[in-house]
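As a plain string of letters, each chain reads:
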Amino acid sequence: MAVASLFFNLSKTQNITPLFRILRGFTSSSYVKPIITPPFQVRSVVTSAQTVAGFDEMVEGTRRKYYMLGGKGGVGKTSCAASLAVKFASHGHPTLVVSTDPAHSLSDSFDQDLTGGALVPVEGLDSRLFAVEINPDKAKDEFLSASQKTGKSGVKDIMGGLGLGMLADQVMQFVESLEYGMFTRIVFDTAPTGHTLRLLSLPDFLDASIGKMMKLKKKLAMATSALKSVLGKGDAQQDGNDRLEQLREKVAKVRDLFRDSETTEFVIVTIPTVMAVSESSRLYASLRKESVPVQRLVVNQILPSSSSDCRFCAMKRKDQMRALDIIHKDPELGSLRLIQAPLVDAEIRGVPALKFMGDMVWR
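Under the annotation held in an unreviewed UniProt entry, the protein carries the name ArsA/GET3 Anion-transporting ATPase-like domain-containing protein and is attributed to Turnera subulata.

See below:
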């Protein structure tokens, strides 16, 4: 009954959703038949975002643009990334949305199976939108296959020893996506903050490590060539070196792409809590250190101001306003374009709901 009372108080000043109507029916003296609406007809619990994202600027031009959305786990990165991709596609841009998060939720967001590591056309849109959840097992097999040609040490030991194998796989898949020339917008739903920071710093690490390995293998080539010839593996060294050289070149392209303010933008997504804002501040500092361009900060799940007697709502709103005040006073976060994304009264799932969210957030 306490939960029902909470929803009832909320509904006094806001649009009544199907869930609210049902709860009111059980808490009132007479039963009111619930009004059933399609699941995608969600409404905002608050007014539209108070600030604009500058979408006109984001959608301008046909040159390929990359948008990477990242932040603390559980803040709505996937919904924001998917809604941005839908909006780009709806405005005429052939768009690809990629999940680099090992715990994928892109399929859930689109309500469509996107697993398997291959490009899948998104259903429910007349425009061209494709999505892919990176298949880490496939990438890992391909990567280890290259390392085996260069011996059981080298790349395999470095990646495994430092626990970066999964991130290296993601980088490789990222690079592969650059070959899809049909897309003018590519949106990345990245892993939570810690994984993303390691991913962003990985190109420099790989570039230096691969260079050292290639020099070492070149010195050993003459000493081992006779043995490899006897074993029928005379080309393995050269093949392995070729793969390493290709990897090194691709990693360099990824590094340059991360830092190219003309083609790439990292969008930080957070929620209005002190802990989430603090993590976002550290993320922004790390991104600046890596010379990754950042212009926008999305603060998701903003609650409304309320004139009701809902104490929980009032306390929650007060906490959120404190977090927003921290953002405004932060010398770094305060310099970003702030986008306040409202809380909605239903789960954002499927293309219609993503269109709805995109129209609210990306304005």
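### With respect to unusual backbone geometry
Most of the time, phi is negative for any residue but glycine, and the peptide bond is trans. Non-glycine residue Asp111 carries a positive phi angle of around 55°. As for its position among the elements, Asp111 is in the loop between helix H5 (106-110) and strand S3 (120-121). On the basis of relative accessible area, Asp111 is assigned to the partly exposed category, the value being 49%.

### Points about the state of the cysteines
Inspection of the entire model under this criterion finds 1 disulfide. The disulfide partner of Cys310 is Cys313, and the S-S distance across this bridge is 2.4 Å. Because the sign of the S-S torsion sets the handedness, a value of about 70° for the bond joining Cys310 and Cys313 places this disulfide among the right-handed ones. Considered together, Cys310 and Cys313 belong to a single accessibility category, that of buried residues.

### Some words on the pairing of strand S5 (residues 185-189)
Of all 5 residues in S5, 5 are buried; the element is thus mostly enclosed. Both faces of S5 are covered, namely the face carrying Arg185, Val187 and Asp189 and the face carrying Ile186 and Phe188. In this sheet, S5 lies alongside strand S1 (residues 65-71) in parallel orientation, the contact comprising 5 bridges. Each residue of the ladder has a partner; that of Lys65, found in S5, is Arg185. Sheet analysis places strand S2 (residues 95-99) next to S5, joined by 5 bridges and oriented parallel. Pairing of Val97 across the sheet is with Val187, part of S5.

### Overview of the packing of aromatic side chains
Tallying each qualifying case throughout the model produces 3 aromatic pairs. Here a set of aromatic residues connected by ring pairs shows up, and it is made of Phe55, Tyr67 and Phe88. Just above the ring of Phe55 sits the side chain of Lys87; from NZ or CZ to the centre is 5.0 Å. For Arg185, the ring lying beneath its charged end belongs to Phe88, and the centroid distance is 5.5 Å.

Quick notes on the rules
Residues numbered from 1 in each chain as written. Predicted model: local features only at pLDDT ≥ 70, side-chain atom pairs only at ≥ 80, totals over all residues. Heavy atoms only, no water. Helix = DSSP H or I, 4+ residues; strand = E, 2+ residues; numbered from the N terminus. Buried < 20%, exposed > 50% of the residue type's maximum accessible area, 1.4 Å probe, protein only. Disulfide = S-S within 2.5 Å. Pairing = 2+ DSSP bridges. Phe/Tyr/Trp six-rings, centres within 6.5 Å; stacked < 30°, edge-to-face > 60°. Lys NZ or Arg CZ within 6 Å of the ring centre and 35° of its normal.

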